[in-house]
Each structure stands twice: as structure tokens, then as C-alpha cells.
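# Tertiary structure, described
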Amino acid sequence: MTDAASGGTTEPTDTTEPTDTTEPTDTTATTDTTEPTAAPAATEPTAAPRSLPVTDVSLVVLVGTSGAGKSTFARRHFLPTQVVSSDFCRGLVSDDENDQSASAEAFDLLHYIVGKRLAAGRLTVVDATNVQPEARRQLVRIAREHDVLPIAIVLDVPPGVCAERNRSRPDRQLPPHVIPRQNRELRRSLRGLEREGFRKVHILRGEAEVASAGIELEKRYNDLRHLSGPFDIVGDIHGCRSELETLLTRLGYALTRDAEGRPVDAAHPGGRTAVFVGDLVDRGPDTPGVLRLVMGMVAAGHAVCVPGNHENKLGRALDGKKVTVSHGLQESLDQLAGESEEFRTEVRAFMRDLVSHYLLDGGALVVCHAGLPEKYHGRNSGRVRSHALYGETTGETDEYGLPVRYPWAEEYRGRALVVYGHTPVPTASFVNNTICLDTGCVFGGSLTALRYPERELVSVEAEREWYAPVRPLISDAPGAREGRPLDLADVAGRRTVETGLHGRVAVREENAAAALEVMSRFALDPRLLAYLPPTMAPSATSRRDGYLEHPEEAFLSYRADGVRHLVCEEKHMGSRAVLLVGRDEAALEERFGVAGPGAIWTRTGRAFLDDDGLTAAVLGRVRAAAERAGLFEELGTGWLLLDAELMPWSLKAVGLLRRQYAAVGAAAGAVLPEVLSALDRAASRGLDLAELTARQRQRSADARAFTEAYRRYCWPTEGLSGIRLAPFQLLAAERVNLAVRPHDEHLAWIDRLVAADDGAEPVLHRTGRILVDTEDEASTAAATAWWEELTGAGGEGMVVKPLASLVRTSRGEGRPGGLVQPGVKVRGREYLRIIYGPDYTEHLDRLRQRTLGHKRSLALREYALGLEALDRLAADEPLWRVHEAVFAVLALESEPVDPRL
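Residues numbered from 1 in each chain as written. Predicted model: local features only at pLDDT ≥ 70, side-chain atom pairs only at ≥ 80, totals over all residues. Heavy atoms only, no water.

## Brief notes about the overall build of the protein chain
For the record, the criterion: Helix and strand definitions follow DSSP, with helices as H or I runs of at least four residues and strands as E runs of at least two, each counted in order from the N terminus. Relative accessibility thresholds used throughout: buried, under 20% of the residue-type maximum; exposed, over 50%; partly exposed, between the two (1.4 Å probe, protein chains only). We call two residues in contact when some of their heavy atoms are within 4.5 Å. In short, Shrake-Rupley with a 1.4 Å probe defines the accessible areas, and a residue's cover is counted only from the protein chains shown. In this tally, Asp and Glu contribute negative charge and Lys and Arg positive charge; neither His nor the terminal groups of the chain are included. Charge positions are represented by NZ for Lys, CZ for Arg, CG for Asp and CD for Glu.
Per the secondary structure count, the protein chain includes 28 helices and 36 strands. Across its three principal axes, the protein chain shows a C-alpha extent of roughly 125 × 80 × 55 Å. Out of the 901 residues belonging to the protein chain, those deemed buried represent 55%. Looking at the protein chain alone, contacts between residues at least 24 apart form 74% of all its contacts between residues at least 6 apart. About 37600 Å² of surface is accessible on the protein chain, with carbon and sulfur atoms providing 50% of the total. Of the side chains in the protein chain, 108 bear a positive and 129 a negative charge, and the two mean positions are spaced by 5 Å.

## So, helix 14 (residues 382–390)
Where burial is concerned, most of helix 14 is hidden: 8 out of the 9 residues are buried. G391, located one to two residues past helix 14, shows a positive phi value of around 75°.

## Digging into the side chain of H238
Within the fold, H238 resides in the loop between strand 9 (231–234) and helix 9 (241–250). Owing to a relative accessible area of 2%, H238 belongs among the buried residues under this scheme.

## Describing the sheet that holds strand 33 (residues 797–802)
Backbone-to-backbone hydrogen bonds pair the strands of a sheet. The strands run either parallel or antiparallel. Filter applied, for reference: Two strands pair if DSSP finds at least two bridges between them. Each axis is a line fitted through C-alpha atoms, taken for helices only over the stretch in contact, and angles between the N-to-C directions span 0 to 180 degrees.
Taken together, 5 strands build an open sheet; the order of strands is 25-36-33-26-32 and the sheet is mixed. Among the strands making up the open sheet, the edge pair consists of strand 25 (537–538) and strand 32 (769–773). Across 2 bridges, the pairing between strand 25 and strand 36 (residues 824–827) is parallel. Residue pairing for strand 36: P538 is matched across the bridge by K825. Where helix 17 (residues 551–560) meets the sheet, its contacts fall on strand 26 (565–571), strand 32, strand 33 and strand 36, and the angle it forms with strand 33 comes to roughly 5°.

## Structural notes on the sheet that holds strand 5 (residues 149–156)
An order of 3-4-2-5-6 is seen for the 5 strands of this open sheet, with the pairing classed as parallel. The sheet is open, and its two borders are formed by strand 3 (83–85) and strand 6 (200–205), each paired with just one other strand. Taken pair by pair, the neighbouring strands of this sheet meet at an average axis angle of 20°, ignoring direction. Strand direction decides the pairing type here: strand 5 and strand 6, joined by 6 bridges, are parallel.

## A short note on the packing of aromatic side chains
Formally: Each aromatic pair joins two rings of Phe, Tyr and Trp (for Trp, the six-membered one) with centres within 6.5 Å, and gets the label stacked for planes under 30 degrees apart, edge-to-face for over 60, and tilted for any other angle. For a Lys NZ or an Arg CZ to count as sitting over a ring, it must be within 6 Å of the ring centre and within 35 degrees of the ring normal.
Enumeration over the complete set of coordinates arrives at 7 aromatic pairs. The structure contains a cluster of three or more aromatic residues connected by ring pairs, namely W408, Y412 and Y420. Positioned above the aromatic ring of F343 is the side chain of R292, whose terminal nitrogen or guanidinium carbon lies 4.6 Å from the ring centre. The cationic tip of R606 hangs over the ring face of F522; the distance from NZ or CZ to the ring centre is 4.1 Å.

## Thoughts on the pairing of strand 27 (residues 575–582)
Among the 8 residues that make up strand 27, 8 are buried, leaving the element largely enclosed by the rest of the structure. Neither face of strand 27 is left uncovered, since the one carrying S575, A577, L579 and V581 and the one carrying R576, V578, L580 and G582 both have all their residues buried. As paired elements, strand 27 and strand 29 (residues 639–647) share 8 bridges and run antiparallel to each other. Looking at strand 29, one finds that L580 is bridged to L641. Where strand 27 and strand 28 (residues 598–601) come together, 4 bridges link them in antiparallel fashion. Note that in strand 28 the partner of L580 across the bridge is A599.

## Focus: the pairing of strand 9
Put simply, side chains in a regular strand alternate between the two faces of the sheet. Because side chains alternate across strand 9, one face comprises the buried residues F231 and I233, and the other comprises D232 and V234, equally buried. Note that strand 9 and strand 12 (residues 273–276) share 4 bridges and pair parallel. Pairing of F231 across the sheet is with T273, part of strand 12. Bridge count for strand 9 against strand 21 (residues 446–452) is 4 bridges, and the pairing is antiparallel. Bridging across to strand 21, F231 finds its partner in Y452.

## Focus on the packing of helix 9 against helix 10 (residues 287–299)
Note the following rule: By the definition used in this description, the sense in which the near helix is turned from the far one sets the handedness, with an anticlockwise turn below a right angle giving left-handed and a clockwise turn giving right-handed.
The geometry of helix 9 relative to helix 10 is characterised by a closest axis approach of 8 Å and an angle of 40° between their N-to-C directions. The hand of the helix 9/helix 10 crossing is left-handed. Mapping the contact onto sequence places R241, L244 and L248 in helix 9 and G289, V290, L293, V294 and M297 in helix 10.

## Quick word on helix 10
To keep it simple, the criterion reads: Expected span, for any helix, means 1.5 Å times one less than how many residues it has. Polar contact criterion, stated in full: a pair of N or O atoms within 3.5 Å, where within protein one must be able to donate a hydrogen and the other to accept it, and residues adjacent in sequence count only if both atoms are side-chain atoms.
Along its 13 residues, helix 10 runs 18 Å from first to last C-alpha, staying within 8% of the 18 Å computed at 1.5 Å per residue. With respect to burial, helix 10 is a largely interior element, 11 of its 13 residues being buried. Within helix 10, burial applies to T287, P288, G289, V290, L291, R292, L293, V294, M295, G296 and M297. At the N-terminal end of helix 10, a side-chain oxygen is found 2.8 Å from the backbone nitrogen of G289, two or three residues along, and the residue is D286. Following helix 10 by one or two positions, G301 adopts a phi angle in the positive range, close to 80°.

## As for the pattern of salt bridges
Counted only if it meets this: A pair is scored as a salt bridge if a Lys or Arg side-chain nitrogen falls within 4 Å of a carboxyl oxygen belonging to Asp or Glu.
One pass over the full model with this rule turns up 61 salt bridges. Its salt-bridge partner being R504, residue E498 comes within 3.2 Å of it at the nearest N-O pair. A salt bridge links E549 to R827; its shortest N-O distance comes to 2.6 Å. With E549 in the loop between strand 25 and helix 17 and R827 in strand 36, this pair connects stretches of sequence that are 278 residues apart. The class for E549 is buried, based on a relative accessible area of 1%. What you see here is one network of salt bridges that share partners, running through R495, E868, R872, E877, R881 and E884.

## Here's the deal with empty space enclosed by the protein
Put simply, the test is: Here a cavity is any set of points on a 1 Å grid over the protein atoms alone where a 1.4 Å probe fits but cannot get out, and a pocket is any open set with protein on both sides within 12 Å along at least 5 of 7 lines; a residue lines the site when it has an atom within 4 Å of a point. Grid points are joined across faces, edges and corners, and a volume is the space filled by probe spheres set on the points.
For the coordinates displayed, the defined rule picks out 6 cavities of 30 Å³ or more. Here the largest cavity is characterised by a volume of approximately 240 Å³. Mapped onto the lining of the largest cavity, the elements with two or more residues apiece are strand 30 (724–733) and helix 27 (853–874). Considering each element in turn, the lining of the largest cavity owes the most residues, 4 residues, to helix 27.

Shape is all these values report; function is a separate question.
Set out below in C-alpha cells:
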């Protein structure tokens, strides 16, 4: 393999590593594997305490004859859940731990459990005799499959002691030949455990050593999760020492120089740590200078470094091993030849101790040279090291004769950000949750660093082309993270989405299938679909005469939750709409990967308007108003995401109005007058029909009120004329979730936006509001009167929200409570006539039995998912992560719940 821009290919011996190669320091832990040919005497002196180092994620194989004390040792030193016993597995499959006829099935089960634990990254201990090479071979194979270290702990206890222990167990009476045979197999095994693949071998001789031994858990060499940064991660340097100095200076590091003026260290006054992704050497003008500076920073604790394939090859060459001298290696060897032997010795030691990759910041960040799929994070094996150094190819070559890299980043779905280099790209860009920082400095490109956790890129241009690339600097990787298709596995089946506010939210398989149908057939391009609004629960059912909903219940409910300050916002006569507005097309393309004016979508992710020209016109008015209001400048963003109501209702729901509402009104208008006329004629003949006539007159009045109610939400539009947009919240801007800001802050922004709409006919409309103090009767009375005025004039009603936006209930003792409803709707009597039918007021007693629990639960879950999507968007997470939460909102919408609520 070779770097994408380099010439030629290396010899197979330069890139292929043994399958069980681990980090250099792993192999030094095995010490006492040479054993005497005879077993130790039965009488032993007291042994000094001995600590056995065990890697925290590894497979520990206990080896010893029956009765050696393996189960006792395991119980004493490991958690019960960490130990997988062959006896226990035999009991699971046969109800008898001593049933040797069930051993085959028992070990199948044991191997399955071991594999599952290792896949989950759990320390696992196998409690079985394991004295036969075949038994150990299978366990070593499982460890290698899961890229963990196999560790052997041998309990070499005299056969007589083992036999006596077995005789004292009434549940286990072994034939006399068993223990001698096991002891012979053990003796034959002791010298070859390392050759079998065990990376550490601990042998405890006799009862005293077994009794005095302890276990010392060791962190993996690649585990630096305790380092949380902030970090400055630097891409491939390739001997460009001057550019490295410039970049470090630009990042704020202060360089330290030796007596000859050479940089030997760099420290950041803010305590930041530099991280180098490897390929420090070869091709460039000053490999020794780069090494001197990086080695000094690492030694001083100001940096960490992982190896690149060029360090791996140079290190072998300096150790006198046979390598093919190509791809700039000769330049490094020539430059190092001018250095002292002491410096070259330090370089060899530095390269020998480099660890293939590091887990940082609690596991949220992985740094390696050539990229690393999630299954290899934190693992130790030759396969992991090889992938970290060289990456993976498809087996094909391009027109330049260079290997084609396998696009692993396109499929990456890991939670950790993977930062790597190795394959030169013109510019660094995020692909899913990965980024390549090799921007080809030595080839005349630039040297790039990623500031973490800020996710900011800092680059310096190369001073010149130091080494001519075989292939021009074009990217093997996708051009942008949003340019990759989503994977069906991201959303299909039963899923659980982790939210920061509401814990784990489950999505049923059938709900996911329904959402997939809507999303795949009707929704916008998912790259734009960064948010879906949650459903909103109504206020508690009112007991007031003639009312189903009333503000009083909303105020009392929030007061009971400890929320004092509320804002009541006018509910407009339209449909919920989300707007993504770009300052220009370039801003949207840079962040969302889609050029265009933006988008307007419904609660189910569909385009709100069928006319692209009208959509662009509405977005243009919003964009111009935001520019004049200074919102783009104030928020430091190239785009805005807004929550709004788009009116009239008939603009989106004209089909619904014709089929459902207008049909009811027309039928009543055609039938009821004839009914009343007939009743009047019958009454004139002396029939007593007063009660029936009164009931039908009330039905006729209800039908007229129903028709008048829905007609208030319909009016003609032509182009922008007649369209009204009432924004009420700024959801997000570049790298910030605004939805958690207090509502008065949002409304102030919105008022500026509306005031800046200077068209001949206004499109943007103000959202009326009134503030409420739940502990002030005059305040609640004023808000109630405002609601009555709104609804009396035909308005839909209002939405009552905590002024602080995001609120939790208190559980006492400083513990966070559950989420408080982000808003409840209080709808007017005439609007509810549209929802529940013309004569709903005659059935209030029955309607008051409605159940709100499921709707409220749904509202909270969707609210948490919506904020989670905005948090991920603000954190610059990949599309699939944002879309996971957005899709879950749509899936929950298919849960069965009364649609009238």
C-alpha cells in the first residue's frame, strides 16, 4: 500500500503485519513463562504477594487441572458477571454441571457468551481446565476475532493437592487417571503458551503463590479517555517543519528553541494539547526538525502522537531491517544521517513506542493515521494496528497505478469523531463523523489542524511544492457529509434514540415503517430536514359550563409544576411550517450540501407549497427582512431555522376543506332548511312538534356556526398576495440551538423580523402575546380576558408556554425532574366546533371523558427528540445523527392517538 499521492507501491513485507501484533509495549509484559519439568513440592514456603497485570479489556483464560482452585481464584479477583464457567454452561444446557456428555454443547455456549462480551468491550474470564491446546486455540481465535489481548493465568498446583480437593467434593468424583493426565497436558503446554498467541502469561506455582496473588487492572495503551482537551489535531506534516511552526504559532502556541535556534517544544498558554496524526517524516525538507519539535512536545506533555505508515517504515529502516527505499524515505535517511547517533537513537525509541490510535475525551474522539471503523476503537491487535497505519483498499488501482481506498467513512455510524490523515485531500471536510486532515502540505497544498471540541479548521499554505505527487490532489472521500445517502439501517426496525433531555426514546418497528413510507415518498431532501415540530397537548379538560378548554386549567397546571412565569401566544389561523432560510445559496450548500433558496416544510416533512417559485418568493421576503433586521450578523450565521404558522389554512389544506368541512356545511345547508320547513307545516296542522323543531333549529344554527368558523381560515391568495407568515420562534442558527432560549428573547427577534418586512403588502405578521404570573390573579384574569377577546372575534385560541422555554419539575434534593410540557394549546369554543363537529357543545359531558395522558407523553417525547436534533445540528454532527432524531419524531406521529386532541 501507499499514500494516495505517492508514486509506486511498497513491498509486501513493508505493510503486512502479523495478525496478533499489538502495541510495542504489550509484548514486554510476559516474563515468567519458563517452567521446571517437575511439579513443585507439596510443602511450600509462604509466597510474597504478587500482582498480575491484566488489561482492562481482554480475554483472561484460566489454565489448571481440575481442583487447582480456578473457580475460587475467579470469585476472589473478578466480578461474577465477568466469569464464564464451563461448569455453569454445562448446567445450563443439561441441568447437571457434571454431565460430561453435554460438554460439546456447553463449550459452544461458553464460546458464544465470550464472543458477545468481547464484542461489547467487556473484560471476560474463562473458568475451565484449558489444559489442552485445542481448547485454548479456540479461545485465542475468539480473542483475535474481537481484537483483544488473550491473557493466560496458569494455576500450577501439585496433582496430589488437586486430587485431594476433588475427593472432598461429593458432587464430583473423578476417575483416578484424570488428574495425572491433565497434569501431563499442563506440563507440555507451559513452554508454548506465548507461541499459541497469549500476549501475557502469568504462572502461579503452588498453593502459596495462588493464594497471595492479586490482579492489577491496566488501562489499554490507547486509552487516553481521561484527557478531555481542548486539542489541536494536526494533519500529515511530511518534514515541512517551517509550515508546522507557522501553524502552531497561528494556533497560539509559544515555541521554545535550543541554543542553535531550533524549535524543541511548543506550549499553549490556554492549556491546549496538540495531537499529531502521524506521517511526520519523509519527502519534506526537514524531517529531523519536525521530529525534534514533536518529540519535545510529547516529552513535555504538550502533545500526543500516533504513528503513520511512514514512521513505521522509517523506524524499521533505522533498526536495520530490510525495507524498500521509496516514497521519500531516502530523504529522511539522508537528513538523519547528518544528525548525532544520540538523536537517531531517540528517534528510534520514539517511533518504537508510538501507539496505533488513541481514545480521547471520554471516548468521544478517536485519533489515528489512516482511519478506523468503530469496531476497532480501543482494541489491540495486529489487524487494528495495520488498519490504523495503512487503511483499507478495495483491491483495485486507479489510472495512476495507486490503490483505491475503501470509503469506510461513508458507512461510519460511530458516536466518536474519528480524525485521521494518510490520504491527501484538497480541503478537509467532515464525512459522517470523520474528517481527514491530510491536505497535502508537502505536495504544495496546506497544513491543516482541527480545533477540538470547537470543530474549527485552521490551515497554513505550503511554502512551495516540496515533493511532486504522482496523482493530483483530488479527494477519494465524499465531498461533503450531507452528500452521502442515508442507510436504511439508520431508521428501520425497532430503534432507541438517546436524548439529552428525556433519556431513551423508543420507536416501535411498525411506527418506523410508517414513517419510512412517508419519508421516502413525500418528504423533502433529508439533508434539509433538520427538524420536525412536536405535537402539542391541549390543556386539561375544563369543567366550566359550555367549555371544553379554558385558560384556567393551563395556568393551574403550570403553577402546580412550579412554573410561575408564562407567555400566552396567539394561535394563528394557519398551518405549522418550518423554514430554512439561507443568507445566500453558498451558506446553505456549505452546511447542508444543497444549493438553493432554502425550504418550507410541514410537520410531516413535506414541502409546504407545491409551487417552487412561490416558496422562493416567501423565503426571499424572510431573507430580506432578516438581513435588514441584522439577525444574520447578530447571530453570526449564514442561515436561520424558524418555526412559524403559514396562513391561510386553505393554502395547505384546501383538499381537506373541500372533502371534510365544506361537505358537512353544504349538506347541512341543503337539508336542514327543508327539515325546518316541513316541521313548520306539520305544526301548522296542529301537531305538537315544538321539542323536535327546537332541536332541529339548534342543529341548523350549529351548522351555520360551523361553516362560519372554518371559513374564517380560508381566503383567496394569488402569488404572495394574501399569504401571511407568522413566525414565533428562531429554532437554530449556525452552531447554536436557539430553541432553548427564553421565549421573550425569541419574540423580540421575531418583532424585529416582522418590522423589517417592507413589502407593499406585508407577508410577515406579528404573533400577539401576553405575559402571565401564575401567582397573580389579576395577571391570569387579564390573560383569560385576552383569550376570550381573541376567540370571540373568531380566533383559534392561544398557546401557553413557560417563559423560560425549557423547564423541569423539581424532585427535591437537587435532582432534576421530568420535563414540563413546553406548551399547551387552549382552543376557543368555535374553533373546537370545527374539530369535534357542529353540535359538539351538546355532547360536552361525554367529550370531557377524553384521555390526555398518551397525547401528553407523545408531546414530551417529540419535544425532546426535536431539541436533540437541534443539539446535534448545532454540534455539527453528521446527517444520519440529526436525521435519526428527526425521523423518530415522524415515527411517533403514527402512534394511535385521538387526532382531535
